[in-house]
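Structural features, examined
Residue-level listing of the chains:
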Amino acid sequence: MKILNPLRSTAALSGIAMLIASGTAYSGTAASTSSGSVANTVQVQQIRNATVKIDFAGTTFLVDPMLSAKGAFPGFPGTYRSELRNPLVDLPFSADEVLKSVEAVVVTHTHTDHWDEAAQKQIPKNMPVFVQNDADAKTIRGQGFKDVRVLKGTTTFNGVKLSKTGGQHGSDLWFADP
């Protein structure tokens with residue numbers, strides 16, 4: 001994917017965010033333009049589950065960090081194969097390597113498989129954390145983070161425009177009371 005102007009490329013970042021939210025995150029890197037300019041590149045690396053590292057126009061974001069060791073917490077009751085402990089797989093490399101060069105964190109929601117205790121302990125407390133709503137901001141501030149920003153519409157971070165997009169975790173039927 002080529003990004004010609006980070007401030008005009010909301011659709012590209014929104015598309016990546018939608019893929020992440022749907023659980024089908026793209027994994028790989030994009031080729032840069034012939035000029036090789038950092039402003040024209042995007043690199044996406046799926047770490048595991050919803051944890052994704054995105055370098056967009058030279059700014060690195062970590063989305064939904066789950067940094068716990070394999071099997072650190074119980075499966076989710078009422079889900080398929082809920083007897084399996086989470087995370088299901090090991091990190092492909094150390095948490096320090098995951099956090100290397102990260103300039104901001106994006107937390108789509110605070111379920112344990114998107115924002116776990118290991119991430120809360122290992123991410124620097126002064127790192128910017130973007131969240132979806134005031135309730136998540138309050139939760140994350142309560143965990144000691146100093147720079148928590150609620151994404152309402154759009155904002156710019158290091159020259160990269162971030163836009164809040166719609167999404168739903170599961171179906172209406174899944175959320176309905178039986």
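Procedures and definitions
Residues numbered from 1 in each chain as written. Predicted model: local features only at pLDDT ≥ 70, side-chain atom pairs only at ≥ 80, totals over all residues. Heavy atoms only, no water. Salt bridge = Lys/Arg side-chain N within 4 Å of Asp/Glu carboxyl O. Helix = DSSP H or I, 4+ residues; strand = E, 2+ residues; numbered from the N terminus. Buried < 20%, exposed > 50% of the residue type's maximum accessible area, 1.4 Å probe, protein only. pLDDT = per-residue confidence, 0-100. Contact = heavy atoms within 4.5 Å. Core = buried A, V, L, I, M, F, W, Y, C linked by side-chain atoms within 4.5 Å. Lys, Arg positive; Asp, Glu negative; His and termini not counted. Pairing = 2+ DSSP bridges.

**Focus on the pattern of salt bridges**
Should their charged atoms come close, side chains of opposite charge can pair. Under the defined criterion, the tally for this structure stands at three salt bridges. Here Lys-121 ties to Glu-117 by a salt bridge, and the two come within 3.0 Å at their closest N and O atoms. Of this pair, Lys-121 and Glu-117 are both found in helix H3 (residues 117-122), four residues apart, which corresponds to roughly one turn of the helix. Given a relative accessible area of 62%, Lys-121 falls into the exposed group.

**Things to note about the confidence of the model for the chain**
Confidence in the prediction for the chain averages 81 pLDDT; 74% of positions are at 70 or higher. Note on residues 1-35: pLDDT is under 50 here. Beyond four places in sequence and across chains, it has 63 contacts.

**Some remarks on the nonpolar core**
In terms of nonpolar packing, the biggest core is built from 21 residues, with Leu-67, Val-105, Trp-115, Ile-123 and Ile-140 touching the most fellow members. Counting residues per element, this core draws most heavily on helix H2 (residues 95-99), which supplies three residues. Contact partners of Trp-115, with chain neighbours within four places excluded, come to Pro-65, Val-105, Val-107, His-109, Thr-110, Gln-120, Ile-123, Ile-140, Gln-143 and Phe-145. Ile-54, Phe-56, Phe-61 and Val-160 belong to the second largest nonpolar core, which has 15 residues in total.

**Looking at the side chain of Asp-113**
You can see Asp-113 is positioned in the loop between strand S5 (104-106) and H3. Buried and without a salt bridge, Asp-113 has Arg-48 as its closest oppositely charged side chain, separated by 10 Å. Ignoring sequence-local partners within four residues, the contact set of Asp-113 consists of Asn-49, Met-66 and Phe-76.

**Observations regarding unusual backbone geometry**
A cis amide bond links Asn-86 with the next residue in sequence, Pro-87, at an omega value of -15°. When you line up the elements, Pro-87 lands in the loop between strand S4 (59-63) and H2. Although it is not a glycine, Asp-64 sits at a positive phi angle of roughly 50°. With respect to the helices and strands, Asp-64 occurs in the loop between S4 and H2. Look at Asp-64 and you get buried, because its relative accessible area is 1%. Look at Ser-101: it is not a glycine, yet its phi comes out positive at around 70°.

**With respect to the pairing of strand S8 (residues 154-157)**
Both S8 and strand S9 (residues 160-163) contribute to a ladder of four bridges, which runs antiparallel. Bridged to Thr-156 within S9 is Lys-161. In sequence, S8 turns back onto S9 through a hairpin of two residues, with Asn-158 there showing a positive phi of about 50°.

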